Amino acid sequence: MQKIKTLFLIFCLACGTINLYAYEAVIIPFVANSEYQDSEKDSALHGGFYSKLSDSKNSVELSYERLNLNYSTPKKMLLQDDVTFNYSHILSKNYTLNGGFHYIHTNERQSNKVQSYFLGLKYFNKNNFDIGADVCYSLYNSYSLAESILQLKPYFGFHFGENSSIMGHFYTKISYYLMHPKNTTTSLEHNYNSYEIDIQHSLGNFTNNLQAWSGKQLYAVKDSGFTLYNLNEEHNGGYSFSSKYRLSKKLGIKAAYVYEDFSEFGTNGSSTMSRYILSCEYNF
């Protein structure tokens, strides 16, 4: 828990870079439920919050998630706390640099004290396109499949349309994941590769998102560092979709569904996960 307290202290210090006379803030509490098929896992309950404080050049993000994961064979429960911090700075009118880390504390030694450090650089032409790359270095303990994972994620995104038009505004992002496990304790592939497409559509008060990916992933870092996989699983593909409705300038609600296909090391066959997420967004 001392590590988590340190992360909160860093977050508070980073907030000092924000211009408090011209800042924007958002907080998003969320709850989720996961159900598993053909797996040693039974179900999981998630809860937590995401927060962001920003001005014209800087942004500071912090999230906390609590996971209660029930296993059916053997009968046990995994209790996990995730804390993620990210700081972004606009270097010029076309470049953004960001960096942060993700830390996990659990009651299971195999997945405990996992940490990931990430850095990203993006070139953007506002309302036209952007291109960039993220690099992540994740550290695991001696009970994991690998001591560390080096991940590279280049991506390209482009915009089309306007929110006020009949068709609305579209943003499409295509990403490639390359993961290289180091100092492995079991027979793993030398590299894990996958491709992802993310399509966001905005029209009026609605913002809809569709994402799909295919390939192989091990201990992936996704969602700009806010999702870190730490269980002994090889993921083979998945998709998600979400819809957000803005009730007012300050308040919005969002529902999402996530599906993933994965294989648990030490077992035969393939397993699936279905996750249902509900969140509320408040801007002030």
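It should be emphasised that the depicted structure is a prediction, and the values quoted were computed from it without experimental measurement.

What am I meant to see in the nonpolar core here?
The biggest cluster of nonpolar side chains holds 18 residues, and the ones touching the most others in it are Tyr140, Ile149, Met179, Leu188, Leu218, Tyr219 and Leu228. Residues within four places of Met179 in sequence aside, it is in contact with Ile149, Leu150, Gln151, His190, Asn191, Tyr192, Gln217, Leu218 and Ala220. Residues Tyr36, Leu69, Tyr71 and Leu231 belong to the second largest nonpolar core, which totals 10 residues.

Quick question: what am I supposed to make of the layout of surface pockets here?
Empty space left among the atoms is revealed by rolling a probe the size of a water molecule over them. Quantified by volume, the second largest pocket comes out at close to 160 Å³. Taken together, Glu40, Lys41, Tyr71, Lys76, Glu108, Gln110, Leu231, Asn232, Glu233, Glu264 and Phe265 make up the lining of the second largest pocket. Per-class residue counts for the lining of the second largest pocket are 3 nonpolar, 2 polar and 6 charged.

What should I look at first to understand a nonpolar patch on the surface in this one?
Together, Leu91, Tyr95, Leu97, Leu119, Leu121, Val135, Tyr137, Leu150 and Leu152 line one region of the surface with nonpolar side chains, adding up to about 750 Å² of accessible area. Taken together, the elements giving at least two residues each to the nonpolar patch come down to strand 5 (95–106), strand 6 (114–125), strand 7 (129–139) and strand 8 (146–161). Looking at the element boundaries, Tyr95 is found in strand 5.

Please explain the pairing of strand 7 as it appears in this structure.
Residues in a regular strand project their side chains so that they alternate between the two faces of the sheet. The alternating pattern of strand 7 places Asp130, Gly132, Asp134, Cys136 and Ser138 on a buried face and Phe129, Ile131, Ala133, Val135, Tyr137 and Leu139 on a face that is not buried. Where strand 6 lies against strand 7, 11 bridges are found, and the strand directions are antiparallel. Along strand 7, the bridge assignment pairs Leu121 with Ala133. Adjacent in sequence and paired antiparallel, strand 6 and strand 7 are bridged by 3 residues, among which Asn127 carries a positive phi angle near 60°. Here strand 7 pairs with strand 8 via 11 bridges, running antiparallel. Paired with Val135 across the two strands is Leu152, which belongs to strand 8. Connecting strand 7 to the antiparallel partner strand 8 that follows it, the hairpin turn spans 6 residues.

Any chance you could explain the side chain of Ser34 here in plain terms?
Note on placement: Ser34 falls in strand 1 (residues 24–37). Owing to a relative accessible area of 0%, Ser34 belongs among the buried residues under this scheme. Residues within four places of Ser34 in sequence aside, it is in contact with Asp42, Ser43, Ala44, His46, Met273, Ser274 and Arg275.

When you look at the packing of aromatic side chains in this model, what are you seeing that I'm missing?
Taken as a whole, this structure holds 17 aromatic pairs when the rule is applied. On the numbers, 6.4 Å between centres and 40° between planes, the contact of Phe49 with Tyr64 is tilted. Separated by 15 residues along the polypeptide, Phe49 in strand 2 (residues 41–54) and Tyr64 in strand 3 (residues 58–71) bring together distant segments of the chain. The exposure class of Tyr64 is partly exposed, given its relative accessible area of 24%. Ring centres of Tyr95 and Tyr123 lie 5.1 Å apart, and the angle between their planes is 65°; this geometry places the pair in the edge-to-face category. Note that Tyr95 is positioned in strand 5 and Tyr123 in strand 6, a separation of 28 residues in sequence. Clustering of aromatic rings is evident, with ring pairs tying together Tyr95, Tyr123, Phe129, Phe156 and Phe158.

I'm lost on the pattern of salt bridges in this one. Help?
Charged atoms that come close allow side chains of opposite charge to pair. According to the stated counting rule, one finds 8 salt bridges in the structure shown. A salt bridge links Glu281 to Lys244, with the nearest nitrogen and oxygen atoms 3.2 Å apart. With a gap of 37 residues between them, Glu281 in strand 16 (residues 271–283) and Lys244 in strand 14 (residues 233–246) connect regions that are remote in the sequence. Across the pair, Lys244 and Glu281 agree in class, each one buried. The salt bridge involving Glu281 is made with Arg246; its shortest N-O contact spans 2.9 Å. In this pair, Glu281 is assigned in strand 16 and Arg246 in strand 14, connecting sequence segments 35 residues apart. A relative accessible area of 12% means that Glu281 is categorised as buried. Beyond isolated ion pairs, a larger network of salt bridges with shared partners links Lys41, Glu233 and Glu264.

What counts, and where the lines are drawn
Residues numbered from 1 in each chain as written. Predicted model: local features only at pLDDT ≥ 70, side-chain atom pairs only at ≥ 80, totals over all residues. Heavy atoms only, no water. Core = buried A, V, L, I, M, F, W, Y, C linked by side-chain atoms within 4.5 Å. Buried < 20%, exposed > 50% of the residue type's maximum accessible area, 1.4 Å probe, protein only. Contact = heavy atoms within 4.5 Å. 1 Å grid on protein atoms, 1.4 Å probe; cavity = no way out; pocket = protein on both sides within 12 Å on 5 of 7 lines; lining within 4 Å. Points joined across faces, edges and corners; volume = space filled by probe spheres on them. Nonpolar A, V, L, I, M, F, W, Y, C, P; charged D, E, K, R; others polar. Patch = residues over 30% accessible without salt bridge, like charges linked within 9 Å, V, L, I, M, F, W, Y side chains within 5 Å. Areas by Shrake-Rupley, 256 points an atom, 1.4 Å probe, with all protein chains shown as cover. Salt bridge = Lys/Arg side-chain N within 4 Å of Asp/Glu carboxyl O. Helix = DSSP H or I, 4+ residues; strand = E, 2+ residues; numbered from the N terminus. Pairing = 2+ DSSP bridges. Phe/Tyr/Trp six-rings, centres within 6.5 Å; stacked < 30°, edge-to-face > 60°.

Shape is all these values report; function is a separate question.
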